[in-house]
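The primary structure of each chain is shown beneath.
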Amino acid sequence: MRKFVPAFALAALSLATGSQLVLAHEDHVVTHDPLVEARKGGMTMMVPTLTAVGRAAEGEGSVARAAFPASGLASFARSLPALFGPDTDGTTGSAALPAIWEDEAGFAAQVAEFQSATAALEAAARADDRESFTAALDRTKASCQSCHEAYRAE
Ligand code: HEC
């Protein structure tokens, strides 16, 4: 049973990205800090949410149905500064690297790009603008990967 969720997360993610990006962790280690749980839970829930958003990009139809899940991504993105407070540095079971707090400006830039990409995704879905939507979806996925490369442990 414990293996089921991570396997699903990985499958969902490869569906969402259509590439070999591996963003999900094999082991969802439980921590004792509610803020760390909030960010890990939110990150995990972004995987199926991104899959739902990606489905709207398939085919030629309206992308407006992606507005609801995209709004969740944009909202979670706006919460990230609070979820990565300095008190959470070094929490056992967290994969967040110390670089997040050592290189505050670098991490803030990653958060800003993710906020901007997800806001653009939500706006494009609401406007039913497929071209902008596809571009914002690519930008959002690139932002996940770029932040993980720099600030998340393998
Ligand atoms: C601004 C940086 C940043 C962005 C953007 C970002 N992540 Fe993360 N992500 C992290 C960090 C740091 C961790 C490790 C958190 C921890 O263990 O405390 C993480 C962890 C995760 C995890 C593992 C959660 C767990 O239970 O251990 C998944 C899955 C994940 N991210 C998916 C995503 C997806 C999908 C996106 C894009 C839609 C994304 N992330 C965007 C920084 C980011």
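Cut-offs applied
Residues numbered from 1 in each chain as written. Predicted model: local features only at pLDDT ≥ 70, side-chain atom pairs only at ≥ 80, totals over all residues. Heavy atoms only, no water. Donors = N, O, S within 2.8 Å, 3.2 Å for Na, K, Ca; no water. Tetrahedral: all angles 85-135°; square planar, octahedral: opposite > 155°, others 65-115°. Helix = DSSP H or I, 4+ residues; strand = E, 2+ residues; numbered from the N terminus. Buried < 20%, exposed > 50% of the residue type's maximum accessible area, 1.4 Å probe, protein only. Axes fitted to C-alpha atoms, helices over the stretch in contact; angles between N-to-C directions. Parallel < 35°, antiparallel > 145°, perpendicular 65-115°, else oblique. Left-handed = near helix turned anticlockwise from the far one by under 90°. Contact = heavy atoms within 4.5 Å. Nonpolar A, V, L, I, M, F, W, Y, C, P; charged D, E, K, R; others polar.

### Quick notes on the coordination of the iron atom of the ligand
Then comes step 1: Here the iron atom of the ligand is held by the protein donor atoms M43 (SD) and H148 (NE2), which lie 2.0 to 2.4 Å from it.
Then comes step 2: Angles of 85 to 178 degrees at the metal separate the six donor atoms of the iron atom of the ligand, which places the site in the octahedral class. With M43 in helix α2 (residues 34–57) and H148 in helix α6 (residues 130–151), this pair connects stretches of sequence that are 105 residues apart.
Then comes step 3: For M43, a relative accessible area of 26% translates into the label partly exposed.
Then comes step 4: The exposure class assigned to H148 is buried, which follows from its relative accessible area of 17%.

### Some thoughts on unusual backbone geometry
Excluding glycine, residues mostly have negative phi values, and the peptide bonds linking residues are mostly trans.
Then comes step 1: Located in the positive-phi region is D128, a residue other than glycine, with phi close to 55 degrees.
Then comes step 2: By the secondary structure assignment, D128 is in the loop between α5 (104–126) and α6.

### With respect to the packing of α2 against helix α3 (residues 67–83)
Then comes step 1: Orientation of α2 relative to α3, taken along the N-to-C sense of each, is 155 degrees, at an axis distance of 10 Å. For the element pair α2 / α3, the angle class is roughly antiparallel. Between α2 and α3 lies a crossing of left-handed hand. Where α2 abuts α3, its residues L35, A38, R39, G42, M43, M46, T49, L50, A52 and V53 lie against P69, A70, L73, F76, L80, A82 and L83.
Then comes step 2: For the contact of α2 with α3, a count of residues per class yields 14 nonpolar, two polar and one charged.

### Some words on the packing of α5 against α6
Then comes step 1: One way to put it is that α5 packs onto α6 with a least axis distance of 8 Å and a crossing angle of 160 degrees. Relative to α6, the element α5 lies roughly antiparallel. Of the two possible hands of crossing, α5 and α6 adopt the one that is left-handed. Touching G106, F107, Q110, E113, F114, S116, A117, T118, A120, L121, A124 and A125 of α5 are S132, F133, A136, L137, R139, T140, S143, C144, S146, C147 and Y151, all from α6.
Then comes step 2: Along the lines of polarity and charge, the residues of the contact of α5 with α6 split into 13 nonpolar, eight polar and two charged.

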